[in-house]
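These are the residues of each chain, in order.
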Amino acid sequence: MPTVPLTEAERPPEIPKTEEHRFPCDACGGDMRFDPGRDAMLCDHCGNVTPLSRGGDTIREIAIDRGLNADAAVQEETRVLNCPNCGAQVEFDPAIHAAECPFCATPVVTGTGTNRHIKPAAVLPFDLQEAQAHKAMDDWLGNLWFAPNGLQKYARKGQKMSGIYVPFWTFDAQTDSRYSGHRGDVYYVTQTVMRDGKPTRVQVPKVRWTPRSGRVRRFFDDVVILASTSLPKAHTDALEPWDLSGLAPYTPQYLAGFRAEAYRVDLEAGLVEARARMDAVIARDVRMDIGGDQQRISRIDTAMSDVTFKHVLLPVWVAAYKYGGESYRFVVNGQTGRVQGERPYSKIKIALAVIAALIVAGIALALYGAQ
């Protein structure tokens, strides 16, 4: 049977072919990279600087229904290198076939693959140079007790950090919630109790519960959800807050000289987590609306509308350190310099500290006994 061609409205958007982004220097032809803090492209070979403009396209929110429909979402395909240890998928130059995973320091020797995903709508460019991020990490490591000497040497050597654009989802939503519950107001009654064999009058707190019902509304703007599984979520969440007013429409120039991780938490899973965060805020709003000294919430029915999302890339400097066969990661917010990380403990230092404490305690006891 002859096939009927699809109309323009029925035809799903084409997936762009993978592209190799190079930005040759106008002066010498060398590769230029994005220079954090200056909104400019820099040539390391001749020092030529080309300013970048954040004008042009606006950053658009995308309706959630369109994002959840794979055929309707705007997608792209990028070359990635897969880490066999932590599972990270990071964009690499296709000519590179041997590298170290920036997330877990595992040597990776493999060919590049491809990853098809929703195209980023915006990027928050790096503000911190690597040297600034390294100083922030060194200061943080310097305050760690019982850290192995190797970790301190690692910091002093100026080990290179990796600049990674980490994937996040942001969600907007209008919520309208109806609730029922009870308001608790504390009051006091006087009672007589026996204390030390004598009757004593005391004030005893009681709670008067009154039924309450009502309605609260809230608009959520840019609920930020991590879309990566390569880093401990507690660390990346602790890098907040992000100043998203600095977001720029996605353009590959901002990624020049850096790497970008492909998201591993899909849009649907990100929406579930965002909804849980919204529900927690709505419950707080309900308690405030009920008022009183205590509150009991029986039910909350929330209707969500105008739900939109963006796929954004946020800047993180990453360092990975191996100790005792384990990988320890340190992350620095590439916008604010906030540091989070895991840390190993030196068993030898801990043992020596315990022995020293016991010696001091023994000397103190001996001096006390001699008095």
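Treat the numbers as computed from the prediction; the structure is a model and nothing was measured. (Residues numbered from 1 in each chain as written. Predicted model: local features only at pLDDT ≥ 70, side-chain atom pairs only at ≥ 80, totals over all residues. Heavy atoms only, no water.)

**Observations regarding the nonpolar core**
Filter applied, for reference: Put simply, buried Ala, Val, Leu, Ile, Met, Phe, Trp, Tyr and Cys residues joined by side-chain atoms within 4.5 Å make one nonpolar core. Each residue gets one of three labels from its accessible area relative to the maximum for its type: buried under 20%, exposed over 50%, partly exposed in between, using a 1.4 Å probe on protein chains only. Helix numbering and strand numbering both begin at the N terminus, where a helix is a DSSP run of H or I of at least 4 residues and a strand a DSSP run of E of at least 2. Any two residues having at least one pair of non-hydrogen atoms within 4.5 Å are treated as being in contact.
Counting residues in hydrophobic clusters, the biggest one holds 30 residues, and the most contacted among them are Y165, L255, W317 and V332. Mapped onto this core, the elements with two or more residues apiece are β1 (32-35), β2 (40-43), α2 (130-142), β15 (294-323) and β16 (326-333). With residues up to four places along the chain from it excluded, the contact list for L255 reads V123, Y165, Y250, A260 and L313. The next biggest cluster of nonpolar side chains, apart from the first, holds 21 residues, and it includes I64, Y179, V265 and V307.

**Description of the pairing of β2**
Threshold: Strands were regarded as paired on the criterion that DSSP finds at least two bridges between them.
Every second residue of β2 is oriented toward a common face, with A40 and L42 on one face and M41 and C43 on the other, all of them buried. Here four bridges tie β1 to β2, and the two strands are oriented antiparallel to one another. Within β2, the position partnered with M32 by the bridge is C43. Between β1 and the antiparallel strand that follows it, β2, lie four residues; G37 among them carries a positive phi value of about 85 degrees.

**A closer look at the environment of E261**
Put simply, the rule is: A 3.5 Å cut-off defines polar contacts: any pair of N or O atoms within that distance qualifies, except that in protein one atom must be a possible hydrogen donor and the other a possible acceptor, and neighbouring residues in sequence count only when both atoms are side-chain atoms.
Looking at the secondary structure, you find E261 in the loop between β14 (259-260) and α5 (267-290). A C-alpha to C-alpha distance of 7.4 Å links E261 and A88, two positions 173 residues apart in sequence. A polar contact of 2.5 Å, which involves the side chain of E261, links it to the side chain of S230.

**Details of the side chain of S177**
Looking at the element boundaries, S177 is found in strand β11 (residues 162-195). Engagement of the side chain of S177 in a polar contact is seen with the side chain of T302, the distance being 2.7 Å. Contacts of S177, omitting those with residues within four sequence positions, involve G214, R215, V216, I282, I300, D301 and T302.

**Observations regarding the confidence of the model for the chain**
As a reminder, the rule being used: As a per-residue measure, pLDDT tells how confident the predictor is, with possible values from 0 to 100.
Residues at a pLDDT of 70 or more form 69% of the chain, whose mean pLDDT is 80. Considering each helix and strand of the chain separately, the mean pLDDT is smallest for helix α3 (residues 149-156), with a value of 56, and largest for α5, with 97. With pLDDT under 50 throughout, residues 1-19 is counted as low confidence; its partners more than four residues away or in other chains account for 18 contacts.

**Here's the deal with the pattern of salt bridges**
Just so we agree on the cut-off: Only one rule defines a salt bridge in this text: a Lys or Arg side-chain nitrogen within 4 Å of an Asp or Glu carboxyl oxygen.
Taken as a whole, this structure holds 16 salt bridges when the rule is applied. Residue R33 pairs with D35 through a salt bridge whose shortest N-O separation is 3.9 Å. Since its relative accessible area comes to 24%, R33 is described here as partly exposed. Salt bridges linked by common partners bring K233, D237, E240, E273 and R277 together as one network.

**Examining α5**
To keep things clear, this is the line we draw: Between the first and last residue of a helix there are one fewer steps than residues, each counted as 1.5 Å, and that sum is the expected span.
Taking 1.5 Å of rise per residue, 24 residues should cover 34 Å, and α5 covers 34 Å from first to last C-alpha, within 8% of that figure. Positioned one or two residues after α5, G291 has a phi angle of 75 degrees, which is positive.

**Quick notes on the packing of aromatic side chains**
In plain terms, the rule: A pair of Phe, Tyr and Trp rings is counted when the ring centres sit within 6.5 Å of each other, with Trp represented by its six-membered ring. The angle between the planes then sorts it: under 30 degrees is stacked, over 60 is edge-to-face, the rest tilted.
Per the counting criterion, the structure on display carries 10 aromatic pairs. Ring geometry for F34 versus Y254: centroids 5.2 Å apart, planes at 70 degrees, classification edge-to-face. With F34 in strand β1 and Y254 in the loop between β13 (248-249) and β14, the pair connects residues that are 220 residues apart, well separated along the chain. For F34, a relative accessible area of 0% translates into the label buried. Consider the rings of Y165 and F258, whose centres lie 5.9 Å apart with planes at 70 degrees: the pair is edge-to-face. In this pair, Y165 sits in strand β11 while F258 sits in the loop between β13 and β14, placing the two residues 93 residues apart along the sequence. Grouping residues by exposure puts Y165 and F258 together as buried.

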